[in-house]
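Here is how the chains run, residue by residue.
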Amino acid sequence: MSTQELEAKIRELRQLQSLIDEAEAEAESIKDDIKRLMGQEEVLRAGEYTVTWKPVKSARVDVDALRKAMPDLVSRFTITSTARRFCVA
């Protein structure tokens, strides 16, 4: 692939990413409007659609607090991984 072809591909990628970002922002805005309309209600029906917005509980380990309280334990169970980050600047 020539430098010009690569540059064209990167330009196309950036344009598509911009469209995706705009669409995601618009979708979030619509979700926020629906949530405002729902208020404290957990279920909303509108024609053929049912929207739910329910609380979800989750439990997570506070790693910082655990590291302070039991640093040896944390170091024994810490796994290091490597990933590649793709970025176009």
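See the structure shown above.
A quick note: this is a predicted structure, and the numbers were derived from the prediction, not measured.

## Looking at the overall build of the chain
Each helix and strand in the chain was counted, giving 3 helices and 2 strands. Ordered by position from the N terminus, the helices and strands of the chain form the series α-β-β-α-α. On C-alpha atoms alone, the chain measures out to a radius of gyration of 23 Å, which is more than a quarter above the 12 Å that the 2.2 N^0.38 rule sets for 89 residues. Projected onto its principal axes, the C-alpha coordinates of the chain cover approximately 55 × 50 × 20 Å. By the burial criterion, 2% of the 89 residues in the chain qualify as buried. At a minimum sequence separation of 6, the contacts of the chain that also span at least 24 residues come to 17%. Surface exposure of the chain reaches about 9000 Å², of which carbon and sulfur atoms provide 54%.

## With respect to the pairing of strand 2 (residues 49-52)
Within a regular strand, side chains alternate between the sheet's two faces. Bridging between strand 1 (residues 43-46) and strand 2 involves 4 bridges; their strand directions are antiparallel. The partner of L44 across the bridge, within strand 2, is V51. Turn length for the strand 1-strand 2 hairpin, with the two strands adjacent in sequence and antiparallel, is 2 residues, and the turn residue G47 shows positive phi of about 60°.

The rules behind these values
- Residues numbered from 1 in each chain as written.
- Predicted model: local features only at pLDDT ≥ 70, side-chain atom pairs only at ≥ 80, totals over all residues.
- Heavy atoms only, no water.
- Helix = DSSP H or I, 4+ residues; strand = E, 2+ residues; numbered from the N terminus.
- Rg over C-alpha atoms; globule rule 2.2 N^0.38 Å.
- Buried < 20%, exposed > 50% of the residue type's maximum accessible area, 1.4 Å probe, protein only.
- Contact = heavy atoms within 4.5 Å.
- Areas by Shrake-Rupley, 256 points an atom, 1.4 Å probe, with all protein chains shown as cover.
- Pairing = 2+ DSSP bridges.

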